[in-house]
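Below are the chains, spelled out letter by letter.
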Amino acid sequence: TLSGEPRSLRHFIRDLTDFDTTVFQDTDFKFLDGLSLDRRFGDLKILPVKELVFYGLGEGGSNGSGASGGGELKRGVHLEPREYHEKLGMQNTVVIDVRNHYEAAIGRFDGQTETPNTSTTGIPTNANAKAAHTGAEYLDPKMRKSTDFPRWLNQPSTQSKLKGKQVLMYCTGGVRCER
């Protein structure tokens, strides 16, 4: 994450891309213009890291093996917002919120739709009845830090919730869920 004057940041990104086109040509730089001065970073620090968001997984999956049987690394598929929204309405789907629990508690994105309980006549059976949910099931691992994720993922109760399901992941900016 970098912050500063929008024109200066774009100039820096252009210079970075020109410096090494093979490394940065496919990088998806995201910009947020209009950030107030008190929300911008004061210093620039560049540190080499093995994982941008440290899950402690190395190059592998939840068990650290890096392979799915035949040595093939499993990765998710990036979805456009419209595609993601459509999948949220599908049955046999779960959404894992990989933000820390504080962020998830502030507001969640679960995509479940409410279907009112109705009788065979189409009239609601009880106006005060809780609506039935259809679509994706929301899962919050209640993480304090990203290294909590592998432990949660390897729990038998989690594995049973995910088995045979289409799994969607959600985070704030795309870094944690694209890992």
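Residues numbered from 1 in each chain as written. Predicted model: local features only at pLDDT ≥ 70, side-chain atom pairs only at ≥ 80, totals over all residues. Heavy atoms only, no water.

Engineer: Which residues make up the confidence of the model for the chain, and what are the values?
Structural biologist: Looking at the chain, the pLDDT average stands at 74 and 66% of residues meet or exceed 70. Between the elements of the chain, mean pLDDT differs from a low of 39, seen in strand S2 (residues 113–115), to a high of 95, seen in helix H6 (residues 156–162). Every residue in residues 112–131 is under pLDDT 50, and counting partners more than four places away or in other chains gives 23 contacts. (pLDDT = per-residue confidence, 0-100. Helix = DSSP H or I, 4+ residues; strand = E, 2+ residues; numbered from the N terminus. Contact = heavy atoms within 4.5 Å.)

Engineer: Could you give an account of the sheet that holds strand S1 (residues 93–97), with specific residues and numbers?
Structural biologist: Pairing is parallel in the open sheet, where three strands are placed in the order S4-S1-S5. A single partner strand is all that each edge strand has here, and the edge strands are strand S4 (137–139) and strand S5 (166–170). Mean inter-strand twist for the sheet, computed between neighbouring axes without regard to direction, equals 25°. In terms of strand pairing, S1 meets S5 through five bridges, oriented parallel. Of the residues in S5, the one forming a bridge with Ile-96 is Met-169. (Pairing = 2+ DSSP bridges. Axes fitted to C-alpha atoms, helices over the stretch in contact; angles between N-to-C directions.)

Engineer: Give me the lowdown on the pairing of S1, citing residues and values where you can.
Structural biologist: Among the five residues in S1, five count as buried, and that is most of the element. The alternating pattern of S1 places Thr-93, Val-95 and Asp-97 on one face and Val-94 and Ile-96 on the opposite face, and all of these are buried. In this structure, S1 lies alongside S4, joined through three bridges in parallel fashion. Note that in S4 the partner of Ile-96 across the bridge is Leu-139. (Buried < 20%, exposed > 50% of the residue type's maximum accessible area, 1.4 Å probe, protein only.)

Engineer: Please provide a residue-by-residue account of the pattern of salt bridges, values included.
Structural biologist: Under the defined criterion, the tally for this structure stands at five salt bridges. Of the charged contacts in the structure, one is a salt bridge between Arg-10 and Asp-33, with a shortest N-O distance of 3.1 Å. Pair noted here: Arg-10 is in helix H1 (residues 6–19) and Asp-33 is in the loop between helix H2 (21–24) and helix H3 (81–88), with a separation of 23 residues, a long-range link. What makes Asp-33 partly exposed here is its relative accessible area of 45%. As a salt-bridge pair, Asp-148 and Arg-151 come within 3.4 Å of each other at their nearest N and O atoms. Taken together, the residues span about one helical turn, with Asp-148 and Arg-151 both in helix H5 (residues 148–153) at a distance of three residues. (Salt bridge = Lys/Arg side-chain N within 4 Å of Asp/Glu carboxyl O.)

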